[in-house]
Amino acid sequence: MSDDVTTDGSLERDVLLAGGLAGTLGAGVMAVLAMLLGTVAHGDPWYAPRLVGGVFFRHAPTGDVAVLLGFAVHFATAGGLATAFASMVPRGGTALAPLMLGFLFALALQAVMPSLVVPWASPPLARAEPSPAALFLLHLSFGACLGALPAARRALLRLTRLRHRAAASARAPR
């Protein structure tokens, strides 16, 4: 059995999990930047997550629950998008390829999210009319984090190999 091929489907699971990890990293970076921008522009670090919470609070998202739901929606969306990205990015090659593809993916998100998704998904965020430059910065930071995909894949592959070796040694007769 090759180190890259497993019979239990763990390689496919690791590819998708690597996307989720890269997406979580990207969502975290975006959240920190959005909180900094919210503090500078509005004096409120929770401004952006509260507006994302408008997915559930359609009229006026206020309070801690809106912030928590905003973070949950943001991280779930980023994880799902990055997992889809990971399933499309070929394995191997240079580390620069996923970074550049991540930037391209971010530009596509910049084109689609503010104009098509936000008005439908979170009316309070659409009414706030976020700065296109701020959204561009946030999406580019997400795309840059997608460049971590090869490192996440390698780390998960190493863990899978160690797990398979440990299982094989546990089954070996003594």
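It should be noted that the structure appears before, not after, this text.
Source: prediction; values computed, not measured.

## A few points about the layout of surface pockets
Then, number 1: Considering only enclosed or pocket space, the largest pocket measures out at about 900 Å³ in volume.
Then, number 2: As for the largest pocket, its lining consists of 37 residues, and the residues nearest its centre are Val52, His74, Leu125, Leu135 and Leu138.
Then, number 3: Put simply, the parts of the chain that give the lining of the largest pocket at least two residues each are α1 (10-42), α2 (47-52), α3 (63-88), α4 (96-121), α5 (123-128) and α6 (132-146).
Then, number 4: Counted by class, the lining of the largest pocket contains 28 nonpolar, eight polar and one charged residues.
Then, number 5: Around the second largest pocket, the lining residues are Pro90, Arg91, Gly92, Gly93, Thr94, Ala95, Pro98, Pro150, Arg153, Arg154 and Leu157.
Then, number 6: Take the lining of the second largest pocket: its biggest share by element is four residues, from helix α7 (residues 149-171).

## Re the environment of Ser87
Then, number 1: For Ser87, the location among the structural elements is in helix α3.
Then, number 2: For the pair Ser87 and Ala111, spaced 24 residues apart in sequence, the C-alpha separation works out to 21 Å.
Then, number 3: Here Ala84 takes part through its backbone oxygen, which lies 2.7 Å from a polar atom of the side chain of Ser87.

## Side note on the packing of aromatic side chains
Then, number 1: Considering all chains together, one arrives at three aromatic pairs under this definition.
Then, number 2: Geometrically, the ring pair formed by Trp46 and Phe71 is edge-to-face, given 6.2 Å between the ring centres and 85° between the ring planes. Placement of the pair is Trp46 in the loop between α1 and α2 and Phe71 in helix α3, with a sequence separation of 25 residues.
Then, number 3: Here the aromatic rings of Phe85 and Phe105 are separated by 5.2 Å at their centres, their planes lie at 45°, and the arrangement is tilted. With a gap of 20 residues between them, Phe85 in helix α3 and Phe105 in helix α4 connect regions that are remote in the sequence.
Then, number 4: According to the relative accessible area criterion, Phe85 is buried, its value standing at 4%.
Then, number 5: Residue class for Phe105 comes out buried when judged on its relative accessible area of 16%.

## What about the pattern of salt bridges?
Then, number 1: A complete count under the given rule lists one salt bridge for this structure.
Then, number 2: Of the charged contacts, one joins Asp44 and Arg50 as a salt bridge, the two residues approaching to 2.6 Å between their closest N and O atoms.
Then, number 3: Residue classification places Asp44 among the buried residues on the basis of a relative accessible area of 19%.
Then, number 4: Among the residues examined, Arg50 registers a relative accessible area of 18% and is labelled buried.

## Brief notes about α4
Then, number 1: Taken as a whole, α4 carries its principal kink of about 50° at Met113; the proline Pro114 stands between one and four residues after it.
Then, number 2: Here α4 has its buried residues at Pro98, Gly102, Phe105, Ala106, Leu109, Gln110, Met113, Val118 and Ala121.
Then, number 3: Contacts made by the buried residues of α4 are with α3, α5, α6 and α7.

## Section: a nonpolar patch on the surface
Then, number 1: On the surface, a nonpolar cluster with roughly 350 Å² of combined accessible area is contributed by Leu101, Leu104, Leu107 and Phe136.
Then, number 2: Looking at the nonpolar patch, the element that brings in the most residues is α4, giving three residues.

## Remarks on the nonpolar core
Then, number 1: Phe85, Phe105, Phe142, Leu146 and Leu149 are the most contacted members of the largest nonpolar core, which totals 20 residues.
Then, number 2: If near-sequence neighbours (up to four positions away) are discounted, Leu149 is found in contact with Ala18, Gly19, Ala22, Phe85, Ala86 and Val89.

## Notes on the packing of α4 against α6
Then, number 1: At a minimum axis separation of 7 Å, α4 and α6 run at an interaxial angle of 145°. The chirality of how α4 crosses α6 is right-handed. In this structure, α4 uses Pro98, Leu99, Gly102, Phe103, Phe105, Ala106, Leu107, Leu109, Gln110, Met113 and Pro114 to contact α6, whose residues at the interface are Pro132, Leu135, Phe136, His139, Leu140, Phe142, Gly143, Ala144 and Leu146.
Then, number 2: Tallied by class, residues from the contact of α4 with α6 come to 16 nonpolar, four polar and no charged.

Procedures and definitions
- Residues numbered from 1 in each chain as written.
- Predicted model: local features only at pLDDT ≥ 70, side-chain atom pairs only at ≥ 80, totals over all residues.
- Heavy atoms only, no water.
- 1 Å grid on protein atoms, 1.4 Å probe; cavity = no way out; pocket = protein on both sides within 12 Å on 5 of 7 lines; lining within 4 Å.
- Points joined across faces, edges and corners; volume = space filled by probe spheres on them.
- Helix = DSSP H or I, 4+ residues; strand = E, 2+ residues; numbered from the N terminus.
- Nonpolar A, V, L, I, M, F, W, Y, C, P; charged D, E, K, R; others polar.
- Polar contact = N/O pair within 3.5 Å; in protein donor to acceptor, adjacent residues only side chain to side chain.
- Phe/Tyr/Trp six-rings, centres within 6.5 Å; stacked < 30°, edge-to-face > 60°.
- Buried < 20%, exposed > 50% of the residue type's maximum accessible area, 1.4 Å probe, protein only.
- Salt bridge = Lys/Arg side-chain N within 4 Å of Asp/Glu carboxyl O.
- Bend = angle between axes of the 7 residues up to and from the residue.
- Contact = heavy atoms within 4.5 Å.
- Patch = residues over 30% accessible without salt bridge, like charges linked within 9 Å, V, L, I, M, F, W, Y side chains within 5 Å.
- Areas by Shrake-Rupley, 256 points an atom, 1.4 Å probe, with all protein chains shown as cover.
- Core = buried A, V, L, I, M, F, W, Y, C linked by side-chain atoms within 4.5 Å.
- Axes fitted to C-alpha atoms, helices over the stretch in contact; angles between N-to-C directions.
- Left-handed = near helix turned anticlockwise from the far one by under 90°.

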